[in-house]
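Next come the chains, spelled out residue by residue.
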Amino acid sequence: MRILKLFFILCLIGTLQNPIKAQRTGAYDTTITFMGQTRTFSLFVPPNYDPAHNYQLLVGLHGLGDNSNNYRNALINTLGWPSLFDSTIFIFPDGGSDPNKDFYVPQGDEMVIPESILLAQQVYSINSNEIILQGFSLGGRSSLKYGLENPNDFKALLLNTPALQGLLDLNNEPGGASLIYNYSNASQIPIYISLGSTDAIYLDAIEQLVIRLKKNSGKVEYKLVQGMGHSVPSNSVQNALLEFFEKPETQDYDLDLFSVEMPERTCNSTVDAEVFIQNKGLQNLSSVEIIYNTGGANSQITWTGNLGLYESVGITIPNISGAGKMTLDASIGAININESDPITTNNQETKDFEIVSASKSLQVFEGFEGNVDDWIFDETGSLFQWSVDNSISRDGQSSLFAFNTILIFNTLGARENFSSPLMDFRTVNKPTLAFDVAFNYHQYTPPYFTDTVNFADTLQVLISVDCGQSFQTIYKKGGADLATAAAPILNPLTIPATFFSPKDSTEWRRERIDLSNFSNATEAVIRFDYISSLGGSINLDNITIDDASIISNKEMASEITFEMFPNPARDGVFIYYDYKESQELEIYSLNGSLVFSQELDNSNELRVKLDNYDRGLYILKLKGKSQNIMEKLLVN
């Protein structure tokens, strides 16, 4: 890398069009020819510049759509960075004419960073040990890449919302257009990262970035700024970085327990967890006590070894036992036998998990109207993972939603999944899976693309009969085959425009999958995978795993009459039915408890009082002579 840098620098020394001929002060711009085009560099030099004094240098990289001049003016004039960084010269290179302007496109564009340093060093007195590389948004992403590749060239990295392009980028997946970050160098340079709490696009990825850096013994300080969006924080927030850059460690003992990792579900009687800690204190650690519990009495395990400053290690907590859904609470106890950590704000983490002791009997129904704790959602940390949608539903008020789009990140091939509870299929004669789906894909036409291009995601449903250890596909549809609308979403140019809102029930479809081949399964799990092809919007509702005789009211409309009014209801609900077929009405709470049961007579109607019912979703089951039907009732 250093040979490549030297080559670029030697080539660029002679390319100056308007070199800095004098030690100008204040704000000004200069240009050079860089990679065959004119490139602007915007500078700010303290008005009282003294060539006898060595100055700190800050190289700042702007975000997408910005330029060097605007970025300099924002940091220097609006935010007042000269008062924040004493005796500092600022230089801001422009990203060039390419549309991405992330300082790594086109190839070689990142060499504008050492060129910025060279330009400043040619004229001004720069302390080579006092160079900070800063970046905002895509500029922060480029700074992260370049700084980890060249940690010895900089005093520190200052990353204000580094715009990681999703999890594929974070995880160094080449197919995700990742810059491929050299995380192994994280221990060699202090890194300060800020992020706004309302900047949802980058929140999960950056928090996982911090964990990744710490696992590599990174010198990391992370600040989540409450109420801030996609922006550079105020000086009152940034001021903390100065202390961190100068002296990151402040105490003899400061231990950071930053992550707890374990399976979300297991069918074994015990499960192991791994707790990750980092030494941020001046003293080496020879022993660390981890205190943990799952709601009962505390237990403890002691790690021994040698952990130096900023080094990290994973500690295994073995054979955690219990039954059902639990939360592991892990914290730091004694350090080096009889020492304690004076900074306790980073000493504790929790993790939810489940040890399944028994499979559920069918029926299993989920309409996503209330508590969905029985279902496992893969916490990928992605913006695109499944979430509850309170604005769209087939029935009731909610459904499950996921999407992908070319407008945010490259997610090609990424999977977002969720899984059913563990089920025993032997409790019914013919197990069947049914669900409602609403989906549409994205199509772009000229002038946005040269030709018509479809971006069409896929829904895959899989089954496991061994508690999720292995899966096989039972359903897979994508694009036009999965779509429930007559035409694709055409040329969406904003995020809201990429979402599909079914206009009525005709743009929902009920899918049914025969599970008879798995009728002897005692540890069955159904998993739904949404696979990205960079375009689509999907909602799922009314997932039912039950006997084949349990079908929807719509499917049985010609054979059995069943209506209720009002829905949602408050004081009571009227049930209208066909007595020739109907025999009994049952009402269940979402946890499966039977709360109402009554045999039906020839009056063909029934009023159920709801005065004593808690607010929430209930399932009405109308039992017939040959078949049963179910419907949701929302009590307000």
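Here the structure is a predicted model, which means the values were calculated and not measured. (Residues numbered from 1 in each chain as written. Predicted model: local features only at pLDDT ≥ 70, side-chain atom pairs only at ≥ 80, totals over all residues. Heavy atoms only, no water.)

Student: Report on the environment of Tyr530, specifying residues and quantitative values.
Tutor: Its place among the elements puts Tyr530 in strand S31 (residues 525-531). What makes Tyr530 buried here is its relative accessible area of 0%. Side chain to side chain, Tyr530 and Asp457 meet in a polar contact 2.7 Å long. (Helix = DSSP H or I, 4+ residues; strand = E, 2+ residues; numbered from the N terminus. Buried < 20%, exposed > 50% of the residue type's maximum accessible area, 1.4 Å probe, protein only. Polar contact = N/O pair within 3.5 Å; in protein donor to acceptor, adjacent residues only side chain to side chain.)

Student: An account of the nonpolar core is requested, with residue identities and associated values reported.
Tutor: Within the largest apolar cluster, 57 residues are counted, with the highest numbers of intra-cluster contacts made by Leu57, Tyr124, Ile193 and Leu213. If sequence neighbours within four positions are ignored, Leu57 has contacts with Thr88, Ile89, Ile91, Ile117, Ala120, Ile126, Glu130, Ile131 and Ile132. In terms of nonpolar packing, the next biggest core, distinct from the first, is built from 36 residues, Leu433, Tyr530, Ile543 and Ile545 among them. (Core = buried A, V, L, I, M, F, W, Y, C linked by side-chain atoms within 4.5 Å. Contact = heavy atoms within 4.5 Å.)

Student: Which residues make up the sheet that holds strand S13 (residues 299-307), and what values go with them?
Tutor: What the five strands build is an open sheet, ordered S10-S16-S15-S12-S13; its pairing is mixed. The open sheet terminates on both sides in strands that have one partner only, identified here as strand S10 (265-266) and S13. Summarising the sheet, strand S12 (residues 285-293) and strand S15 (residues 324-335) pair through five bridges and their orientation is antiparallel. If you follow Ile290 over to S15, its bridge partner there is Ile332. (Pairing = 2+ DSSP bridges.)

Student: Go over the side chain of Ser419 with me, naming the residues and quoting the values.
Tutor: Structurally, Ser419 is set in strand S22 (residues 415-419). Filtering out sequence-adjacent residues up to four positions away, Ser419 remains in contact with Arg265, Trp375, Ile376, Val525, Ile526 and Arg527.

Student: So what's going on with the environment of Leu224? Residues and values would help.
Tutor: Looking at the element boundaries, Leu224 is found in strand S8 (residues 219-225). Distance in space between the C-alpha atoms of Leu224 and Leu213 is 16 Å, their sequence separation being eleven residues. If near-sequence neighbours (up to four positions away) are discounted, Leu224 is found in contact with Leu195, Gly196, Ser197, Leu203 and Glu207.

Student: Can you explain unusual backbone geometry? Please cite residues and give values.
Tutor: Excluding glycine, residues mostly carry a negative phi; peptide bonds, for their part, are mostly trans. Look at the link from Val105 to Pro106: it is a cis peptide, with omega at 0°. Inspection of the secondary structure puts Pro106 in the loop between strand S4 (88-93) and helix H4 (112-123). Unlike most non-glycine residues, Ile180 shows phi in positive territory, near 60°. Structurally, Ile180 is set in the loop between helix H6 (166-170) and strand S7 (190-196). For Ile180, a relative accessible area of 36% translates into the label partly exposed. The phi angle at Asn542 is positive, at roughly 55°, despite the residue not being glycine. Relative to the helices and strands, Asn542 resides in strand S32 (residues 536-547).

The quantities given are spatial measurements derived from coordinates; they are silent on function.
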